[in-house]
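Analysis of the macromolecular model
If you want the building blocks of each chain, they are given just below.
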Amino acid sequence: MTAIGDPITRVDGHAKVTGKAKYAAEFAVPHLTYAVMVTSTIGSGRILSMGTSDAQHAPGVLTVMTPANAPKLPQGGKAAVHPPAGRVLSLLQDNLVHYNNQPIAVVVAETLNQALYASSLVTVRYQRENPHLNFEGGFATAHPGSHGKDPADKSIGNLEQGMAEGEVKVDQVYTTPLENHNPMEPHVTIAEWEGEKLTLHDATQYISGVKQTVAKSFGIPDENVRVLCPYTGGGFGCKGSTWSHVLLAAMAAKVVQRPVKLVLERPQMFGPVGGRPRTHQHVVLAAKRDGTLTAMQHDVHSHTSEIEDFTEPSSSVTRTLYACPAIKTSQRLVPLSLATPTFQRAPGESTGTFALEIAMDELAYKLNMDPIQLRLKNYAEKDPIENKPFSSKHLRECYEQGAARFGWAKRNPAPRSMKRGHDLIGWGMATATYPANRSSASVNVQFEPNGRVTVTCGSQDLGTGTYTIMAQVAAATLKLPIELVNAELGDSAMPKSPVSGGSQTAASVTPAVQAAAKQAQLALFALAAADKDSLFHEVAPQDLDFENGKVVRKGKSGGEDFKELLARNGNKPIGATASAEPEQDSEQYSKHSFGAVFAEVSVDESLGMPHVQRVVGVYDVGTLLNEKTGKSQLIGGIVWGVSLALHEEAHIDNASGRIVNNNLAEYHVPVNADIGEIEVFALNFPDTKFNPLGARGIGEIGITGAGAAIANAIYHATGKRIRSAPITPDMLLT
Amino acid sequence: MQPFEYQRPQNAQEAVNGVDAAHAKFLAGGTNLIDLMKQQVELPTRLIDIKRLELAKIEEMPGGGLRLGALATNADTAGHTLVRQRYPMLAQAILAGASPQLRNMATNGGNLLQRTRCYYFYDPAYEHCNKRKPGSGCAAIEGFNRIHAILGTSTACIATHPSDMCVALAALGARVRVQGKGGERVIEFADFHRLPGRTPEIDTNLRADELILSIDLPAGPYAAHSAYVKVRDRASYAFALVSAAAALELDNGTIRSARLALGGVAHKPWRSDRAEAMLAGKPASQQSYVVAANAALEGAKPFEHNAFKVEMAKATIVRAFSLAAAGGDKA
C-alpha cells in the first residue's frame, strides 16, 4: 500500500534514464523543418536594413523571416500582453532593438545545420543608440514596482520613532547580480498548423498559459491551440512565461506551411527568456541593546527592461519575517537596455534573504548576541504587516533542530577562531522563508478496464516529481499500490492546472487528485449498486469502501475486483473529474513556509578560495508528500544557494549591453566538487488550514537563506563582511 | 557551422601535405575546434582528421626523458605511471583542467593549440577583436576584463592562454617535436607560444603546414619537489584566474635550482626566468618564495577588473613553492 510521505522513487525515473521520456524537442514530426533565431548584436537602436539574400540562397533554406516580411499579428503582436506574465515580446513587428541578443529574424531550413549556417549569413545595418546600462545612475528616476498582489510600498508604524528608539543600528547596502536560469534543456518549440489549428510541443512550466498567449496573439480561439509538454527539462521560472520564440516558431510554420522546430542556442538563453534582475538593497535595522527590533527598513532597486516592468520583490522577506513595530519597505525599478527579467527560483526571497539575513548577522555581532537568539527575540507570532495569524508556523523548531543537528552550540562566535591547515573555517546561519501559494486545479481519475487507475492533470513536471506525487496521492486515497496507477500530464486538453511556478503545483494539484479519486470511487460504487450481478447490488455508497483494487462492504472482508465490475458493464473506464480551490477561509491567514539553514565554509586564507563544507537545513513546509523527491527539491535549492553566494553572475559588456559570459563554461554554477555534505530535514507539521493534505510547496524555499548562511559563515571564518554576491576569490584575498 | 571538407590521412606526411589549402585545420579531440566552429569563430573549409594516426604513445626516451605522443589523450597522460612518477606536477596540472569528459577526448597536441577564452574572441557578435578579425581593435581593453592578462600584453590584445597543462610543460622545459613538409624540427616550449604584440591572431610559432608529433620532456631533478596550484572561481571546470607550476631542486634546505611558470596571466604560459634565477642558492623558505613572487610579477600591468590578479599570483607562487618544498602535496 502506498502512503502520503513515503519516499517513493520517481515513477518516471526509468523512462528518463532509458531515454523513453520524450522532451519537447524529441518529438518526431513528419516533414519537420528547422528554425534558428538571429539575434541583435547591439544594445539599443533600430534596424535600418537586413541583408538576407545570401542566407535565402544558402542550401536548404525555406525562408528568412524578418521585420520586413514577417506575418503581421493583431495589435502589433501585443494582443496577449497582460502583466505580470503576459510578456512584451519581440515578434518582428517593428524595427526596434531594446536589448542585445533580442530576436530580430528567423531562418528556416530543411536541416538544423543548414539553418545555423544560413543564420550566420544574415547581415544587419543598425542605427545605434547608446544602451542605458547605468543601474545606480537610474536610482534618482526609478519608478515603483509591484509584484503580483504585492504593492511597491508596504509599511507599518512610525519608522522615525522606531529608528530613534534603536540603540544599535545596522545600515548597509547589499547587492545581487543579474543571473540567467539555464536549465539543462534549453527553450524549444515545435509548431505545427493543420488549417487554423495549431499544435505546439513546447518546453514550458505552463501549458495552458502558452495556449492562451499564443491563441490571443494570433487572434484565434483558445480551442484551436493545443500544447503538449510531457516532460520539462528544468524550468526554474524562465519557462513560466511564453517568450518570443514560441510565437516565432508558430509564425514561421505558417510561412513555410510545414512544421517548424526552434531550439534556442545556449547563448540565446542569456536574454530572450528572462533572468533574475540585479538588486541593490538598502537595509537599516535598529534594535535595543537586548536585541528587540525597533525599526526595519528595506529599500530595493532592481533593474527591468525598457519595454516592460518586472519586479524582484526582495523586500517581501522584511514584510513577513520578524516582529517589529515599525517596518518600511519599498521596491523601485530602473529600466535598462537589457532583456526583461523574470521569475527565477524564489524571486524576491532568494535575493531578499541574502540582504536581510546578512544584516541580522551583522546586528547580532553588534549586539554581541547569538544570531539564533536574536531571531527568537524577534520571532513573529503573526504576520507583522498584515496582522494576520499564520496558517501554521514552526520556525522555532527549525532553529532548535537545525542548531542541534549542526552542532551550533560548539560555535565560538569570534571571527577567525577556527583553522584547519591553510583554511579558515566559519559557521553561519540564516532563516529561510517562502510563501505558500495555491490555485484552482482540476484532475481526472479513472478506473481502467485493464485493472489500472489513471490520474490525469494538465500540469507540468519540471523534473520535480509531479508525476510521482499525483500517482502517490491517488494511490494513497484509493488504498492501492502505486504500481497500479498511471499519472498523465502535460497536455492542454487535459483538466486545467495552474502554472508550475511559485512552488504551487503540489499544493494545488494534489487536493484535486484526492477529490477526483474520491468521486471516481463513488462512481464505481454507483456502478456496483446498479449492477444486478454485483455483490453490492443496491448497497448504499456510504456502506462501501475501496481497498486493494476491490469494492468491499465496510468492515467486511471479501469484495469485488473493479476490473470484473467494469468487464460486466461494457468494459469501459469509469471515473470523475474534480476541481480543488484554495480553502475558503484561507485569506484569514498569512501562509508561509520557513526554515533554518546552517553552513560551514572553509576559506583558503592566502588564495581566497571558499568552499562550502556542509549545510544543514531544517524546514517547516507542512506535510512532506514524498520524502525522497521532496528532500531532493530542498537539496537542489540549497545547491542553488551555493551558486547565488559564490558563483553565479552574468557579466555585461558596458559598450554593447551584451552578456559576455553567455555560455556554460564561463557562466559559473557549482559543479559537484563545489558541493559538500548537505543534510535536509522536514518537520512534517501538516498545514491543513492551507490545504487538505497539509502540504505547502517546496520547490523554492531551499535557495532562500542559504546564500546568507554562507556569507555569514565566510564572515565568521575570515572577519570579512562581503555584502555583494557572488563572493569570489578576489574578494577574499588577504 | 560553415560547410567543410573532411579528410582522413593515413600518415603524418599525408596529413601535412593536406594542409596546403587555405583554411585547413587538423582535427584531433575537437574539444575546442568544434566549439569554435559552432560559434563561427573558426571557419575552416577543410578538416584533416588526424585522430587515427600513430601518435598516441607515451614512451621513455634515452637519458630518462619522456615522449608524450601528440594524440595521447590528456586523461591517459595524467594517468600514466611514468608521468606521475617523473613529472607529478604535469599530472596535477592536467587534472586541474577541464572536466573528465573533456580530458578523455582532448589530446596533448590539441591542448597546446587551445585558443583563448576571451569573451570578445569567442563571440563573433563583438566587432572588435584583433585575434579574430585582425585590425578590428580590442574590446577587452576597455571592456569586462576580469579574466584577462596582466603580463606581456600589447595594445592589440590582452587575452590569456587557457591551458593548465602548458603551464607545467613550460616549467618543465618541454620541447615540441613537429613535422612539416620539409621534415621534422624541435621547438623549445618557451618559443612555442607567442606574446600578442601586433599580431595576436597568431598564437604560436607552429607553421601553417606543421603537425605536432610529440611533446618531449627532458629528464630533470624536480620529481620530488614540485606542485601545481590553480585558483579558480569554482572547484572544477573553470579556467584559472591564476595558476602556478613550481619546482625545486633542493640540497639540504638550499635551493639548487628552481622552475616557475604561471597560467592565467599572459598570452602564453608565463615562465619566469627572473624568479628562477633569484631562487638559486637561496634557502627554501617562505621569504625566498615571496622575493621570487615579487620578481615574477614585476612589470605586471592590470586592467580595470583584474587588478587582483597581481596579489593573487604572488600568493599562488608562494603556495606552490611551499607545497613543492614540502613534497608536492596536491593543492
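Residues numbered from 1 in each chain as written. Chains lettered and ligands numbered in written order. Predicted model: local features only at pLDDT ≥ 70, side-chain atom pairs only at ≥ 80, totals over all residues. Heavy atoms only, no water.

1. Describing the overall build of chain B
A count of helices and strands for chain B gives 14 helices and twelve strands. A compact globule built from 331 residues should have a C-alpha radius of gyration of about 20 Å, and chain B, at 19 Å, falls within 12% of that. C-alpha extents for chain B along the principal axes are approximately 60 × 50 × 35 Å. By residue count, 59% of the 331 residues in chain B fall in the buried class. (Helix = DSSP H or I, 4+ residues; strand = E, 2+ residues; numbered from the N terminus. Rg over C-alpha atoms; globule rule 2.2 N^0.38 Å. Buried < 20%, exposed > 50% of the residue type's maximum accessible area, 1.4 Å probe, protein only.)

2. Points about the interface of chain B and chain A
At the junction of the two partners, chain B supplies 35 residues and chain A supplies 35 residues. On the chain B side of the contact with chain A, B:Y126, B:R234 and B:R319 bury the most area, a combined 23% of that side's loss. Linking chain B to chain A there are five salt bridges. Where the side of chain B that touches chain A is concerned, the elements lending two or more residues are α8 (119-122), β9 (226-231) and α14 (308-325) of chain B. With seven residues, α14(B) is the single largest residue contributor to the side of chain B that touches chain A. Here the side of chain B that touches chain A is composed, by residue class, of 19 nonpolar, six polar and ten charged. (Contact = heavy atoms within 4.5 Å. Buried area = accessible area lost by both parts, 1.4 Å probe. Salt bridge = Lys/Arg side-chain N within 4 Å of Asp/Glu carboxyl O. Nonpolar A, V, L, I, M, F, W, Y, C, P; charged D, E, K, R; others polar.)

3. Describing the sheet that holds strand β22 (residues 544-547) of chain A
Residue and element names in this part refer to chain A. In spatial order, the strands read β22-β23-β24; together these three strands make up an open sheet with antiparallel pairing. In this open sheet, the two edge strands, each paired with only one partner strand, are β22 and β24 (560-561). Pairing geometry for β22 and strand β23 (residues 550-553), over four bridges, is antiparallel. Bridge pairing in β23 places E547 opposite K550. (Pairing = 2+ DSSP bridges.)

4. Details of the pattern of salt bridges
A side chain of one charge can pair with a side chain of the opposite charge when the charged atoms of the two come close. Tallying each qualifying case throughout the model produces 53 salt bridges over all chains. A salt bridge links A:D620 to A:R696; the shortest N-O distance between them is 3.1 Å. Here A:R696 lies in the loop between β28 (675-682) and α15 (706-718) and A:D620 lies in strand β27 (residues 610-620), a separation of 76 residues in the sequence. Per residue, the accessibility class of A:D620 equals that of A:R696, and both read buried. When the shortest N-O distance is used, the salt bridge between B:R256 and B:E249 registers 3.7 Å.

5. So, the packing of helix α5 (residues 88-95) of chain B against helix α10 (residues 165-172) of chain B
All names here are of chain B. The geometry of α5 relative to α10 is characterised by a closest axis approach of 7 Å and an angle of 160° between their N-to-C directions. As judged from the angle between their axes, α5 and α10 are roughly antiparallel. Taken as a pair, α5 and α10 cross one another with a handedness that is right-handed. Along its contact with α5, which presents M89, L90, A93 and I94, the element α10 presents M165, A168, L169, A171 and L172. Here the residues of the contact of α5 with α10 are counted per class, giving nine nonpolar, no polar and no charged. (Axes fitted to C-alpha atoms, helices over the stretch in contact; angles between N-to-C directions. Parallel < 35°, antiparallel > 145°, perpendicular 65-115°, else oblique. Left-handed = near helix turned anticlockwise from the far one by under 90°.)

6. Digging into the nonpolar core
Residue and element names in this part refer to chain A. Counting 82 residues, the largest nonpolar core has L285, L293, L363, Y619 and I710 as the members making the most contacts within it. Broken down by element, the residue count for this core peaks at nine residues, all from helix α8 (residues 349-367). Apart from residues no more than four positions distant in its own chain, I710 is found in contact with A599, V601, V612, G641, V642, A645 and L646. (Core = buried A, V, L, I, M, F, W, Y, C linked by side-chain atoms within 4.5 Å.)

7. Observations regarding the domain arrangement of chain A
Residue and element names in this part refer to chain A. Under the domain assignment, chain A is made up of domain 1 (13-18 + 439-581), domain 2 (31-130 + 184-234 + 239-269) and domain 3 (279-437 + 587-732). The centre of domain 1, based on its C-alpha atoms, is set 39 Å off from the matching centre of domain 3. Taken together, the contact pairs 14 residues of domain 1 with 15 residues of domain 3. Of the roughly 1200 Å² buried between domain 1 and domain 3 on both sides combined, carbon and sulfur atoms contribute 56%. Joining domain 1 to domain 3, the criterion identifies seven residue pairs in polar contact (both at pLDDT 80 or more). Elements with a contribution of two residues or more to the side of domain 1 that touches domain 3: α11 (466-478) and α12 (505-530). In terms of residue count, the dominant contributor to the side of domain 1 that touches domain 3 is α12 (five residues). Here the residues of the side of domain 1 that touches domain 3 are counted per class, giving five nonpolar, nine polar and no charged. (Domains from an automatic or database assignment. Polar contact = N/O pair within 3.5 Å; in protein donor to acceptor, adjacent residues only side chain to side chain.)

8. Quick look at the side chain of A:H716
Tracing the backbone through its elements, the reader meets A:H716 in helix α15. Those residues within four positions of A:H716 in sequence are excluded, and the remaining contacts are A:Y365, A:R411, A:N412, A:P413, A:A414, A:P415, A:R416, A:S417, A:M418, A:I425, A:G426 and A:W427.

9. Description of the environment of A:T728
All names here are of chain A. In this structure, T728 sits in the loop between α15 and α16 (729-732). Since its relative accessible area comes to 9%, T728 is described here as buried. Taking the C-alpha atoms as reference points, T728 and E386, 342 residues apart in sequence, are found 38 Å from one another. Reaching out from T728, the side chain makes a polar contact with the side chain of D730 at a distance of 2.6 Å.

10. Notes on the sheet that holds strand β4 (residues 58-60) of chain B
Residue and element names in this part refer to chain B. Read from one edge of the open sheet, five strands run β4-β5-β8-β6-β7, paired in antiparallel fashion. The open sheet has two edge strands, β4 and β7 (183-188), and neither has a second partner. Neighbour-to-neighbour, the strand axes of this sheet turn through a mean angle of 25°, independent of strand direction. Relative to strand β5 (residues 66-69), β4 runs antiparallel, the two sharing three bridges. Within the sheet, the bridge partner assigned to I58 lies in β5 and is L68.

11. Remarks on the pairing of β7(B)
Residue and element names in this part refer to chain B. As defined by bridge partners, strand β6 (residues 175-180) adjoins β7 across six bridges and the pair is classed as antiparallel. Along β7, the bridge assignment pairs Q179 with E184. Count of turn residues in the β6/β7 antiparallel hairpin: two residues.

12. Focus: the packing of aromatic side chains
Residues and elements named next belong to chain A. For the coordinates displayed, the defined rule picks out 21 aromatic pairs over all chains. On the numbers, 5.1 Å between centres and 85° between planes, the contact of F135 with F139 is edge-to-face. You can call F135 buried: its relative accessible area is 1%. Plain terms: the ring middles of W193 and F218 are 5.2 Å apart, the flat faces sit at 85° to each other, and that makes the pair edge-to-face. Here F218 lies in helix α5 (residues 207-218) and W193 lies in strand β10 (residues 188-194), a separation of 25 residues in the sequence. Summarising the burial analysis for this pair, W193 and F218 share the class buried. Through a chain of ring-to-ring contacts, three or more aromatic side chains come together here, namely F406, W408, W427 and F598. One cation-aromatic arrangement involves R721 over Y715; the distance from NZ or CZ to the ring centre is 3.9 Å. (Phe/Tyr/Trp six-rings, centres within 6.5 Å; stacked < 30°, edge-to-face > 60°. Lys NZ or Arg CZ within 6 Å of the ring centre and 35° of its normal.)

13. Observations concerning the side chain of A:T340
Residues and elements named next belong to chain A. As for its placement among the helices and strands, T340 is situated in the loop between β16 (327-335) and α8. According to the relative accessible area criterion, T340 is buried, its value standing at 5%. Reaching out from T340, the side chain makes a polar contact with the side chain of S305 at a distance of 2.8 Å.

14. Remarks on the state of the cysteines
All names here are of chain B. By the definition in use, this model includes zero disulfides over all chains. No disulfide involves C118; its nearest neighbouring cysteine sulfur is the one of C129, lying 5.9 Å away. Of all cysteine sulfurs, the one in C157 lies closest to C138, which takes part in no disulfide; the gap is 5.9 Å. Note on C138: relative accessible area 22%, which makes it partly exposed. (Disulfide = S-S within 2.5 Å.)

15. As for empty space enclosed by the protein
Rolled over the atoms, a probe with the dimensions of a water molecule shows which regions are left empty. Residue and element names in this part refer to chain A. Within this structure, the stated rule accounts for eight cavities of 30 Å³ or more. Quantified by volume, the largest cavity comes out at close to 150 Å³. Around the largest cavity, the lining comprises 20 residues; the ones closest to its centre are L178, F270, G271, A339 and I659. Residues belonging to the lining of the largest cavity are distributed by class as follows: nine nonpolar, ten polar and one charged. For the lining of the largest cavity, the two domains that each supply at least three residues are domain 2 (31-130 + 184-234 + 239-269) and domain 3 (279-437 + 587-732). (1 Å grid on protein atoms, 1.4 Å probe; cavity = no way out; pocket = protein on both sides within 12 Å on 5 of 7 lines; lining within 4 Å. Points joined across faces, edges and corners; volume = space filled by probe spheres on them.)

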